[in-house]
Amino acid sequence: MNSVVRNILAVVIGWFGGSAINMALVNLGHSILPIPGVDPTDMQALGEVLPTLDFKYFLFPFLAHALGTLTGAFIASWIATKHKMKFAIGIGILFLIGGVIVNYMLPGPTWFAITDILLAYLPMAWLGGKIGSKLSTRQKMM
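The notes below deal with the structure included here. (Residues numbered from 1 in each chain as written. Predicted model: local features only at pLDDT ≥ 70, side-chain atom pairs only at ≥ 80, totals over all residues. Heavy atoms only, no water.)

Things to note about the nonpolar core
Grouped together as the largest cluster of nonpolar side chains are 12 residues: Ala 10, Ala 66, Ile 75, Ala 76, Ile 79, Ala 80, Phe 87, Ile 91, Phe 95, Leu 96, Ala 120 and Tyr 121. Excluding its chain neighbours within four sequence positions, the residues that come into contact with Ala 76 are Ala 10, Gly 14, Phe 87 and Ile 91. (Core = buried A, V, L, I, M, F, W, Y, C linked by side-chain atoms within 4.5 Å. Buried < 20%, exposed > 50% of the residue type's maximum accessible area, 1.4 Å probe, protein only. Contact = heavy atoms within 4.5 Å.)

This is the structure in structure tokens:
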């Protein structure tokens, strides 16, 4: 397969794969820890209640962001032909931009926004890139 096409696929599949993990974990969080009296699809109601919620309600959103980014970066670095870490970090930057936008649209506690932005995106993209690069190198050797 042409390396340019493969690298484009790395970004697209990484982005979609990471987004699928993200949404699955967000939905799982809403089913395990529903916010009493709030419809999770009502952005206005969520925006009003988020600053008042306990720590436990932010576990699944953080896991969704971190594991979604990790998965997307892993996929991108695993599929990419060269510059695997650049593709993984690129996925991390895409997810970081999304995270900043969501933190702006649905402002929660400051501690969560800082933790989420500092730990869930670029560090997870780096880790996913390392794992994906290592696995793809191992497969070439076999």
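Let's pick the thread back up.
Thoughts on the environment of Asp 39
Considering the arrangement of structural elements, one finds Asp 39 in the loop between helix 1 (3–32) and helix 2 (43–49). We classify Asp 39 as partly exposed; its relative accessible area is 42%. Once the C-alpha coordinates of Asp 39 and Thr 52 are considered, the two residues, 13 residues apart in sequence, prove to be 16 Å apart. Side-chain polar atoms of Asp 39 contact the side chain of Thr 41, separated by 2.9 Å. (Helix = DSSP H or I, 4+ residues; strand = E, 2+ residues; numbered from the N terminus. Polar contact = N/O pair within 3.5 Å; in protein donor to acceptor, adjacent residues only side chain to side chain.)

Thoughts on the packing of aromatic side chains
Tallied over the entire structure, the rule returns 5 aromatic pairs. Aromatic side chains Trp 111 and Phe 112 sit 6.0 Å apart centroid to centroid with 85 degrees between the ring planes, which places their arrangement in the edge-to-face category. Grouped by ring-pair contacts, the aromatic residues Phe 55, Phe 58, Trp 111 and Phe 112 constitute a single cluster. (Phe/Tyr/Trp six-rings, centres within 6.5 Å; stacked < 30°, edge-to-face > 60°.)

Some words on a nonpolar patch on the surface
A surface patch of nonpolar side chains, about 770 Å² in accessible area, is lined by Met 1, Val 4, Val 5, Ile 8, Leu 9, Val 12, Ile 13 and Phe 16. Of note, Leu 9 is situated in helix 1. The exposure class assigned to Leu 9 is partly exposed, which follows from its relative accessible area of 33%. (Patch = residues over 30% accessible without salt bridge, like charges linked within 9 Å, V, L, I, M, F, W, Y side chains within 5 Å. Areas by Shrake-Rupley, 256 points an atom, 1.4 Å probe, with all protein chains shown as cover. Salt bridge = Lys/Arg side-chain N within 4 Å of Asp/Glu carboxyl O.)

Brief notes about unusual backbone geometry
The phi dihedral of His 83 is positive, around 55 degrees, even though this residue is not glycine. Following the sequence through the fold, His 83 ends up in the loop between helix 3 (59–79) and helix 4 (84–105). By relative accessible area, which is 51% here, His 83 ends up exposed.

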